[in-house]
Amino acid sequence: MRSPKLRKREEAATAKWSNLCLDVIQMVLEKLSATDFNRAKAVCSGWLSASRQSVRKQNQTPWLILFPYERSYGYSCRMLNPGEKGLVYRSRNLGVEFTQSRCIATCGSWLLMYLVRGGRPKLYILNPLSRDRINLPPLESCKSDNIFSAKRFCIGDQQPRRESALTDLSSEWEKSVLWVEERSKNYLVVWSHGDCLFFSKKGDNVWRMFHVRIIGLTDFVCKGLMLYMYIRLSFIEIYDFSGDSPVALTHPPYPFYRRPRFLSPFIINRIAVTTSGEALLVTIYNIHKTSRTFYVYKMNHATNKWDEMASLGDQALIVDLGITVSAKDVQGFKSNSIYFSGVGFGTDHIFIYSLATRKVEPFMASTNKFFDARWFIPNV
């Protein structure tokens, strides 16, 4: 038990901090990082009140969320801020289903979770910081419209075939994207099954099929309510999902045709969107080897051709999220670099690729305690 003298000294120190005028407290709070801001709110009730009135920039620094093998202990996950080396945050009590689920997409603080239990797959959205959850329509709701009866489009002279069952949405052959508006909880979820796309928005009680013929869908990303799709044969299409039905914004889609720098059976093409909404194409060579090489291309609207980018400037590209973020003055995050977490799932390929040096370096020294990792930008 603390002595009366020690308690008085602590109370006196606390009183001095709480007696600072509101303007001074707000000036201090607005200069703090996201994590320090949350710590400062716990100083006293006066600082907590000031934090609610202060205007602070939203966190733009990507964190890495790690899913440990022993998630049953506290139903938890770990979160790592690159700017705070050695510090790992833990979010507990995320529920029994969380231990049986796999994260397949992120947006802000929100995770799109895929669960298979009793042979029946389901999707839901979870915020590991607030523990808020958004339940999504059952996947069976799209049965009559598509995947159990719809024809899958094929390239060339191949005959379309019927899909008899939903494949594993967490496999590297399928893709899912998520968008959530923090305050209203409006959301958009899009996932692929072969060359077909399905989506659901807030208020929907079924999954809707994207009724546009897509041949050779390679990759797609979501920025707000805009969906950017990279088509293998080979161009980009952009659709606006802000209305009841998606509306095409590219008529026709701007072309893309480029021979690879060298032939390789290990080439992967991805799409990314810059902070200004410009589409980028990312080609990854030797994806399964240690000598991985990345090339980034940007559309030259004057020549209608794709030009190779020598530098990303003060931006960093997060392949998992399909976006670029500002790395200027962001501690622990490197500009002109590409952050990548491997093919599909796992922690074996979490690394940073420098466009300046064309070299790869690991992001974490040891990940053997975790079976998966995902980049996300928490609203902290």
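Here the structure is a predicted model, which is why all the values come from computation and not from measurement.

Trainee: Can you explain the side chain of Thr 106? Please cite residues and give values.
Mentor: Of note, Thr 106 is situated in strand 4 (residues 101-107). Residue class for Thr 106 comes out buried when judged on its relative accessible area of 11%. In this structure the side chain of Thr 106 is engaged in a polar contact, spanning 2.8 Å, whose partner is the backbone oxygen of Trp 375. Sequence-distant contacts of Thr 106, defined by excluding residues within four places in its chain, comprise Leu 111, Leu 178, Leu 321, Arg 374, Trp 375 and Phe 376.

Trainee: Quick rundown of the environment of Asp 204? Include the residues and the values.
Mentor: Position of Asp 204 relative to the elements: it lies in the loop between strand 12 (196-201) and strand 13 (208-209). A C-alpha to C-alpha distance of 8.5 Å links Asp 204 and Leu 136, two positions 68 residues apart in sequence. From its side chain, Asp 204 meets the backbone nitrogen of Lys 201 in a polar contact 2.9 Å long. Among the polar contacts made by the side chain of Asp 204, one reaches the side chain of Arg 208 at a distance of 3.3 Å.

Trainee: Residues and numbers for the pattern of salt bridges, please.
Mentor: Pairing is possible between side chains of opposite charge, provided their charged atoms come close. Per the stated rule, a full pass over the model turns up nine salt bridges. The shortest N-O distance in the salt bridge between Lys 122 and Glu 97 comes to 3.4 Å. Taken as a pair, Lys 122 in strand 6 (residues 120-126) and Glu 97 in helix 5 (residues 96-99) lie far apart in primary sequence, 25 residues in all. For Glu 97, a relative accessible area of 14% gives the class buried. The residue Arg 358 makes a salt bridge to Glu 308 at a minimum N-O spacing of 3.5 Å. Linking Arg 358 in the loop between strand 25 (351-354) and strand 26 (359-362) with Glu 308 in strand 21 (residues 305-308), this pair joins segments that are 50 residues apart in sequence. Note on Arg 358: relative accessible area 31%, which makes it partly exposed. Residues joined by salt bridges that share partners form a network here, namely Glu 97, Lys 122 and Arg 133.

Trainee: Please give an account of the packing of aromatic side chains that cites residues and values.
Mentor: Counting across every chain of the model gives 15 aromatic pairs. Aromatic side chains Trp 191 and Trp 207 sit 5.8 Å apart centroid to centroid with 75 degrees between the ring planes, which places their arrangement in the edge-to-face category. Taken together, the residues Trp 191 in strand 11 (residues 187-193) and Trp 207 in the loop between strand 12 and strand 13 connect sequence positions 16 residues apart. Each member of the pair Trp 191 and Trp 207 is classed as buried. Taking the centre distance of 5.9 Å and the plane angle of 70 degrees together, the rings of Phe 294 and Phe 340 count as edge-to-face. Pair noted here: Phe 294 is in strand 20 (residues 293-300) and Phe 340 is in strand 24 (residues 337-340), with a separation of 46 residues, a long-range link. Residues Phe 294 and Phe 340 agree in their burial class; the two are buried. Within the aromatic cluster, the residues linked to one another by ring pairs are Phe 199, Phe 210, Tyr 239 and Phe 241. Looking at Arg 133, its charged tip hangs above the ring of Tyr 124, at a distance of 3.9 Å from the centre. Above the ring of Phe 220, the side-chain terminus of Lys 175 is found at 5.3 Å from the ring centroid.

Trainee: Before we move on, could you go through the sheet that holds strand 15 (residues 226-231) and cite the residues and values that matter?
Mentor: With antiparallel pairing, the four strands of this open sheet are ordered in space as 14-15-16-17. In this open sheet, the two strands that pair with only one neighbour each are strand 14 (217-223) and strand 17 (247-248). Across six bridges, strand 15 lies against strand 16 (residues 235-240) in antiparallel orientation. Looking at strand 16, one finds that Met 226 is bridged to Asp 240.

Trainee: Any chance you could break down the nonpolar core for me, citing the residues and the numbers?
Mentor: Counting 37 residues, the largest nonpolar core has Leu 123 and Ile 125 as the members making the most contacts within it. Counting residues per element, this core draws most heavily on strand 11, at five residues. Not counting residues up to four positions away in its chain, the partners in contact with Leu 123 are Ile 104, Leu 112, Met 113, Tyr 114, Leu 136, Leu 139, Leu 169, Trp 191 and Trp 207. Counting 19 residues, the second-largest nonpolar core is a separate cluster that includes Leu 64, Leu 66, Leu 80 and Ile 352.

Trainee: Break down the confidence of the model for the protein for me, with residues and values.
Mentor: For the protein, per-residue confidence averages 77 on the pLDDT scale, and 74% of positions sit at 70 or higher. Per-element mean pLDDT across the protein ranges from 36 in strand 8 (residues 151-152) up to 95 in strand 10 (residues 176-180). When the criterion is pLDDT under 50, residues 143-164 qualifies, and its contacts beyond four places in sequence or with other chains add up to 44 contacts.

Trainee: Tell me what's going on with the packing of helix 2 (residues 22-30) against helix 4 (residues 45-53), and back it up with residues and numbers.
Mentor: As a packed pair, helix 2 and helix 4 sit with axes 9 Å apart at the nearest point and diverge in direction by 70 degrees. Our classification of the angle between helix 2 and helix 4 gives roughly perpendicular. Here helix 2 runs over helix 4; the crossing is right-handed. From helix 2, Leu 22, Ile 25, Gln 26, Val 28 and Leu 29 reach across to helix 4, where they touch Trp 47, Ala 50, Ser 51 and Gln 53. Of the residues belonging to the contact of helix 2 with helix 4, the class tally is six nonpolar, three polar and no charged.

Reading the values: the criteria
Numbering of residues begins from 1 in every chain and follows the order in which that chain's sequence is written. In view of the model being predicted, local features appear only for residues whose pLDDT reaches at least 70, and side-chain atom pairs are presented and counted only at 80 or more, with totals across whole chains, interfaces and linings using the full set of residues. For side-chain calculations, the full set of non-hydrogen atoms in the structure is used, while hydrogens and water are omitted. Elements are defined by DSSP. Helices are runs of H or I of four residues or more, strands are runs of E of two residues or more, and each kind is numbered from the N terminus. Each residue is assigned to one of three classes by its accessible area relative to the maximum for its type, calculated with a 1.4 Å probe on protein chains only: buried under 20%, partly exposed between the two thresholds, exposed over 50%. In protein, a polar contact means a hydrogen-donor-capable atom and an acceptor-capable atom, both N or O and within 3.5 Å, with residues adjacent in sequence counting only if both atoms are side-chain atoms; elsewhere, any N or O pair within 3.5 Å suffices. What makes two residues a contact is simply this: any of their non-hydrogen atoms within 4.5 Å. Take a side-chain nitrogen of Lys or Arg and a carboxyl oxygen of Asp or Glu: if they are within 4 Å of each other, that pair is a salt bridge. Under the pairing criterion, centres of Phe, Tyr and Trp rings, with the six-membered ring standing for Trp, must be within 6.5 Å; the plane angle then separates stacked pairs below 30 degrees from edge-to-face pairs above 60, leaving the rest tilted. Remark: a charge is flagged as sitting over a ring if the NZ atom of Lys or the CZ atom of Arg is within 6 Å of the ring centre and within 35 degrees of the ring normal. For two strands to count as paired, DSSP must find a minimum of two bridges between them. Here, the term nonpolar core denotes a set of buried Ala, Val, Leu, Ile, Met, Phe, Trp, Tyr and Cys residues that are joined through side-chain atoms within 4.5 Å. By definition, pLDDT measures how confident the predictor is in each residue, and it falls between 0 and 100. Axis definition: a line fit to C-alpha positions, over the contact stretch in the case of helices; interaxial angles, taken between N-to-C directions, run 0 to 180 degrees. For classification purposes, angles smaller than 35 degrees are called roughly parallel, those larger than 145 roughly antiparallel, those between 65 and 115 roughly perpendicular, and all remaining angles oblique. By definition, turning the near helix anticlockwise from the far helix through less than a right angle yields a left-handed crossing, and turning it clockwise yields a right-handed one. The classification used treats Ala, Val, Leu, Ile, Met, Phe, Trp, Tyr, Cys and Pro as nonpolar, Asp, Glu, Lys and Arg as charged, and all other residues, Gly among them, as polar.

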